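Here are the chains, one letter per residue:
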Amino acid sequence: MNAPQTVAAVQRLSPLDALETRILLCHVTGLSRIELITRSEQTLTPSQAEALQRALQRRVAGEPVAYIVGQREFYGLMLRVSPDVLIPRPDTELLVELALQRLPARGRVLDMGTGSGAIAVAIAHSRADADVTALDRSTAALAVAEDNAARHLAQRAQPVRFLKSDWYGGALGDSQFDLIVSNPPYIVARDPHLAQGDLRFEPVDALTDHGDGLSALRTIAAGAAAHLDSGWLLMEHGYDQAEAVRELLGLHGFADVQSWRDLAGIERVSGGRR
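From a predicted model like this one, the values you see are computed outputs, not experimental measurements.

**Topic: the overall build of the protein**
- Assigned secondary structure in the protein consists of eleven helices and nine strands.
- In terms of C-alpha radius of gyration, the protein reaches 21 Å, essentially the compact-globule figure of 19 Å for 274 residues.
- For the protein, buried positions account for 50% of its 274 residues.
- Long-range pairs, those at least 24 residues apart, make up 63% of the contacts in the protein with a sequence separation of at least 6.
- Total accessible area computed for the protein in this model is approximately 12700 Å², and 51% of it derives from carbon and sulfur atoms.

So this is what it looks like as structure tokens:
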């Protein structure tokens, strides 16, 4: 597209679909979605037109919109994201809902492999009484998570505790929790989806265990007993892994083992109670 361009002309000529075009326009102009309508004849400045052109080129090349604009909404919160973390997805909101239903008053919750901090921040934002700990082995991911906590939990009396740890590493010590949640890497190695769509740009170690997709889930299930006083372990997993995860939970002594379906009807989260 050649400058000068009006907001309306950009939307008409964009190579992207209408929704993605609106998101990128809002990002480069600072206009709201309503203002894109009421100020549709506004002309983009040269710097805005240049920024939009770069954003369009990145998206046409396949880069996720969330990485281009640096944020994604999750559980009603606008979270910062970067290529160091997975893009939060609506499917994972089911894990948050289940956690909030099972977290006792002033409960202690551990989010394992927090990434952007989406799960931990959403729980802490919804439950001011909760004692929330989140861990990740990636320093870069923890920086993003801490920024999201600062954005949304600044007024919270009890801050979220972030730890650098590879699952049940030494950073946890003998800490005890009432609830453990996790959205770990569960895609099977060489799954063709890893080379398609947004997944091509997301951190591969947060997507796959480079094995059968169950190794992280095994580690979490096996080590949970040492850190759960009593309460629930809830884990997100792949579309065809529910039965295997239920077997893991049963193997490690969990009761009330069950799976829950996401909005698409797929068994997306499995858990059990100690």
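There's plenty left to go through after this.
**Looking at the nonpolar core**
- Formed by 33 residues in total, the largest nonpolar core has its most connected members in Ile-123, Val-132, Leu-179, Val-181 and Leu-234.
- Of all elements in the fold, only β2 (77–80), α6 (93–102), α7 (118–126), β4 (131–136), α8 (139–152), β6 (177–182) and β7 (228–236) reach the threshold of two or more residues within this core.
- Leave out the neighbours within four places in its chain, and Leu-234 touches Leu-95, Leu-98, Ala-99, Arg-102, Leu-179, Ile-180, Val-181, Ser-182, Trp-260, Val-269, Ser-270 and Gly-271.
- Tyr-168, Ile-187, Leu-199 and Leu-228 belong to the second-largest nonpolar core, a separate cluster that totals 27 residues.

**Quick notes on unusual backbone geometry**
- The phi dihedral of Arg-106 falls on the positive side, at around 55°, and the residue is not glycine.
- Within the element layout of this structure, Arg-106 appears in the loop between α6 and β3 (108–112).
- A relative accessible area of 64% means that Arg-106 is categorised as exposed.
- Even without being glycine, Trp-167 reaches a positive phi, approximately 55°.
- Tracing the chain through its elements places Trp-167 in the loop between β5 (161–164) and β6.

**Things to note about the sheet that holds β4**
- Taken together, the seven strands give an open sheet; going across it, the order is β5-β4-β3-β6-β7-β9-β8, and neighbouring strands pair in mixed fashion. Each edge of the open sheet carries a strand with a single partner, namely β5 and β8 (255–261). Between one strand and the next, the sheet's axes are offset by a mean angle of 15°, whatever the strand orientation.
- Note that β4 and β5 share four bridges and pair parallel. Bridging from a neighbouring strand, Asp-136 pairs with Lys-164 of β5.
- Packed on one face of the sheet, α6 meets β6, β7, β8 and β9 (267–273) and runs near 165° to β7.
- Those strands touched by α8 are β4 and β5, and its axis lies near 175° from that of β5.

**Let's talk about the side chain of Thr-21**
- Checked against the element boundaries, Thr-21 lands in helix α2 (residues 18–29).
- What makes Thr-21 buried here is its relative accessible area of 3%.

**A look at the packing of aromatic side chains**
- Applying the stated criterion to the full structure yields two aromatic pairs.
- One residue, Arg-102, lies across the ring of Trp-232, its end atom 4.9 Å from the ring centre.
- When the ring centre of Phe-254 is taken as reference, the NZ or CZ atom of Arg-274 above it lies at 5.6 Å.

**Quick notes on the pattern of salt bridges**
- Applying the stated criterion across every chain, the model contains 16 salt bridges.
- Residues Glu-35 and Arg-39 are paired through a salt bridge, measuring 3.7 Å at the closest nitrogen-oxygen approach.
- One salt bridge connects Arg-268 with Asp-262, and the closest N-O pair in it is separated by 3.2 Å. Assigned by exposure class, Arg-268 and Asp-262 land together as buried.
- Here the salt bridges do not stand alone but share partners, grouping Glu-20, Arg-59 and Asp-198 into one network.

**Remarks on the packing of α6 against α7**
- Viewed as axis vectors pointing N to C, α6 and α7 meet at an angle of 40°, and their least axial separation amounts to 10 Å. As judged from the angle between their axes, α6 and α7 are oblique. The handedness of the crossing between α6 and α7 comes out as right-handed. Residues Leu-95, Val-96, Ala-99 and Leu-100 of α6 touch α7, and the partners they reach there are Ile-119, Ala-122, Ile-123 and Ser-126.
- Per-class residue counts for the contact of α6 with α7 are seven nonpolar, one polar and no charged.

Cut-off values and rules
- Residues numbered from 1 in each chain as written.
- Predicted model: local features only at pLDDT ≥ 70, side-chain atom pairs only at ≥ 80, totals over all residues.
- Heavy atoms only, no water.
- Helix = DSSP H or I, 4+ residues; strand = E, 2+ residues; numbered from the N terminus.
- Rg over C-alpha atoms; globule rule 2.2 N^0.38 Å.
- Buried < 20%, exposed > 50% of the residue type's maximum accessible area, 1.4 Å probe, protein only.
- Contact = heavy atoms within 4.5 Å.
- Areas by Shrake-Rupley, 256 points an atom, 1.4 Å probe, with all protein chains shown as cover.
- Core = buried A, V, L, I, M, F, W, Y, C linked by side-chain atoms within 4.5 Å.
- Pairing = 2+ DSSP bridges.
- Axes fitted to C-alpha atoms, helices over the stretch in contact; angles between N-to-C directions.
- Phe/Tyr/Trp six-rings, centres within 6.5 Å; stacked < 30°, edge-to-face > 60°.
- Lys NZ or Arg CZ within 6 Å of the ring centre and 35° of its normal.
- Salt bridge = Lys/Arg side-chain N within 4 Å of Asp/Glu carboxyl O.
- Parallel < 35°, antiparallel > 145°, perpendicular 65-115°, else oblique.
- Left-handed = near helix turned anticlockwise from the far one by under 90°.
- Nonpolar A, V, L, I, M, F, W, Y, C, P; charged D, E, K, R; others polar.

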